[in-house]
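Topology and contacts: notes
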Amino acid sequence: MATQTTDTAPSGREESLASIFVRFLKFGCLAWGGPAAQIAMIKRECVDEEMWVSEPTFKRLLAVYQVLPGPEAHELCVYFGRIRGGKMGGFLAGLGFMLPGFLLMLALSALYVEANLAGHLENFFYGLTAAVGALVARALVRFSQTFISDVPLALIAIAGFALTLWADASFVLVLLGGGIVYELWRGARRWVRRTSSVTLGPLTIVLIAAGTITVSLSWQIFFEGLKAGFFTFGGAYTVVPFLHGTAVESHRWLTDKQFVEGLAIGGILPAPLIIFATFVGYIAGGLVGALLITLGIFIPAFVFPIFFHRQLVAIAENPRLHQFLLGVAAGVVGLIAAVTVEIVKTSVVDVYTAVLAVAAFLALNRWHGKLTVLYVVLGCGVVGVLLQATVA
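Residues numbered from 1 in each chain as written. Predicted model: local features only at pLDDT ≥ 70, side-chain atom pairs only at ≥ 80, totals over all residues. Heavy atoms only, no water.

Time to look at the overall build of the protein. The helix and strand inventory of the protein stands at 19 helices and zero strands. Counting the 392 residues in the protein, one finds 54% classified as buried. A separation of at least 24 residues holds for 77% of the contacts in the protein among residues at least 6 apart in sequence. Here the protein has roughly 16500 Å² of accessible surface; of this, 67% comes from carbon and sulfur atoms. (Helix = DSSP H or I, 4+ residues; strand = E, 2+ residues; numbered from the N terminus. Buried < 20%, exposed > 50% of the residue type's maximum accessible area, 1.4 Å probe, protein only. Contact = heavy atoms within 4.5 Å. Areas by Shrake-Rupley, 256 points an atom, 1.4 Å probe, with all protein chains shown as cover.)

Below, the structure written as structure tokens:
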């Protein structure tokens, strides 16, 4: 019954497609503060004020999109657009939400490459990047509090951290291994039959095979974006370790310094953090690369809520798959922990940046306002400029 409730749409089209696009474009322009603030904004208007769905239904929706791949705030927008305007309404809602952040990131990426933005603002980036480690560390704490609920899950997270940091284990191996190990640990019966029923299994095999095929740079960029879109379980922050592994370690499209500076730029934009992929694509392949990786990484976030919402709800609520998904989430925690170490090693270069990073982390834990992330990141940049002018 829960699946029917969450997938119920009003009869007939109740809003024009243009009004749907404008409403969610407004959300995109105001999408500061990370996923929690974005979700709160969407809930306030679509649930509390417009009453498009009930409070219990919204909670079930959020639970589905927090577990499954993609940025949950964007997927909620697509879902609400779909129930108000059909499939085209869902597409326009998602497009409106992502468009402001995409255009800003594209423009800043072009300035970064063509006008040497980081070079001209070197002192500003000195403090700005110090805040990036705090942002990712804060996300790690939140993921751990949400998904690490027992000792086996904690051990899976630790194993994922160690395998990623010291054994260069692949992203897919850590995620699938975590899910399988936790299901075995919980003593699931007929494990082979159950895991073969996981809907994402065949898709995973196809994507792994695609990664082994030699293709042009443009298609390679697109496929990496597509894989990131499918494998970023639990929210937008999980895209960070995936893109770090592919763009920095495997393909070497970016240096660690460029990666952290791109994350810093993403931290000050009104957009899901997944829009950072646009920066990666631009560095790797210019305008075409930026467009292709953005297209690839957002395809699941559009396709799943528009065409497969009912199936996604069934997956998330299926007790046979619950243990597997919990193990995958624990693997994500280990991956984020590993990339946090790499980011801190790159962004914390002296005592001053260490102090800035710690202060930023404490501030993010203390205050949870809509603009807290923006204030903290920009504040670190300004302090960095002052430090460079007075101390250096």
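Not every positive phi belongs to a glycine, and N116 is a case in point at roughly 50°. Summarising the element assignment, N116 is placed in the loop between α5 (72-114) and α6 (117-120). We classify N116 as partly exposed; its relative accessible area is 43%.

A separate point is the packing of helix α18 (residues 351-366) against helix α19 (residues 372-390). Two elements in contact, α18 and α19, have axes separated by 10 Å at closest approach and are oriented at 160°. Judged by the inter-axis angle, α18 sits roughly antiparallel to α19. Taken as a pair, α18 and α19 cross one another with a handedness that is right-handed. Taken together, the residues of α19 that come into contact with α18 (itself represented by Y352, L356, A360, A363 and L364) are T372, V373, V376, C380, V383, G384 and L387. Residues that form the contact of α18 with α19 fall into these classes: ten nonpolar, two polar and no charged. (Axes fitted to C-alpha atoms, helices over the stretch in contact; angles between N-to-C directions. Parallel < 35°, antiparallel > 145°, perpendicular 65-115°, else oblique. Left-handed = near helix turned anticlockwise from the far one by under 90°. Nonpolar A, V, L, I, M, F, W, Y, C, P; charged D, E, K, R; others polar.)

Under the definition given, this model contains ten salt bridges. K43 is the partner of D48 in a salt bridge, and the nearest nitrogen-oxygen pair spans 3.0 Å. The partner of E342 in a salt bridge is K345, with the nearest N and O atoms 3.9 Å apart. Separated by three residues within a single helix, E342 and K345 lie in helix α17 (residues 319-347), roughly one turn from each other. Via salt bridges that share partners, E15, R23, K26, E45, E50 and R84 belong to a single interconnected network. (Salt bridge = Lys/Arg side-chain N within 4 Å of Asp/Glu carboxyl O.)

What follows is about helix α8 (residues 151-167). An ideal rise of 1.5 Å per residue puts 24 Å on 17 residues; α8 measures up with 23 Å between its terminal C-alpha atoms. Turning to α8, its buried residues are P152, L153, I156, A157, G160, T164 and L165. Its side-chain oxygen at 2.9 Å from the backbone nitrogen of L153, D150 defines the N-terminal cap of α8. At the C-terminal side of α8, D168 shows a positive phi close to 55°. (Expected span 1.5 Å × (residues − 1). Polar contact = N/O pair within 3.5 Å; in protein donor to acceptor, adjacent residues only side chain to side chain.)

Further remarks concern the packing of helix α14 (residues 256-266) against helix α15 (residues 276-307). Closest axis-to-axis distance for the α14/α15 pair is 9 Å, and the angle between their directions is 140°. With respect to α15, the axis of α14 lies oblique. Seen from above, α14 lies across α15 with right-handed handedness. Within the contact between the two elements, α14 uses Q258, F259, G262, L263 and I265 and α15 uses F276, F279 and I283. Across the contact of α14 with α15, the residue classes tally to six nonpolar, two polar and no charged.

Taken over all residues, the pLDDT of the protein has a mean of 84, while the share at 70 or more is 88%. Scored below 50 in pLDDT, residues 1-13 shows 25 contacts in the model against residues more than four places distant or in partner chains. Within the model, pLDDT remains below 50 along residues 189-214, and this stretch shows 27 contacts once partners closer than five positions in the same chain are excluded. (pLDDT = per-residue confidence, 0-100.)

Moving on, we come to α5. Taking 1.5 Å as the rise per residue, α5 with 43 residues should run 63 Å; its terminal C-alpha atoms sit only 33 Å apart, a clear shortfall. Along α5, the largest kink reaches about 145° and is centred on G85. (Bend = angle between axes of the 7 residues up to and from the residue.)

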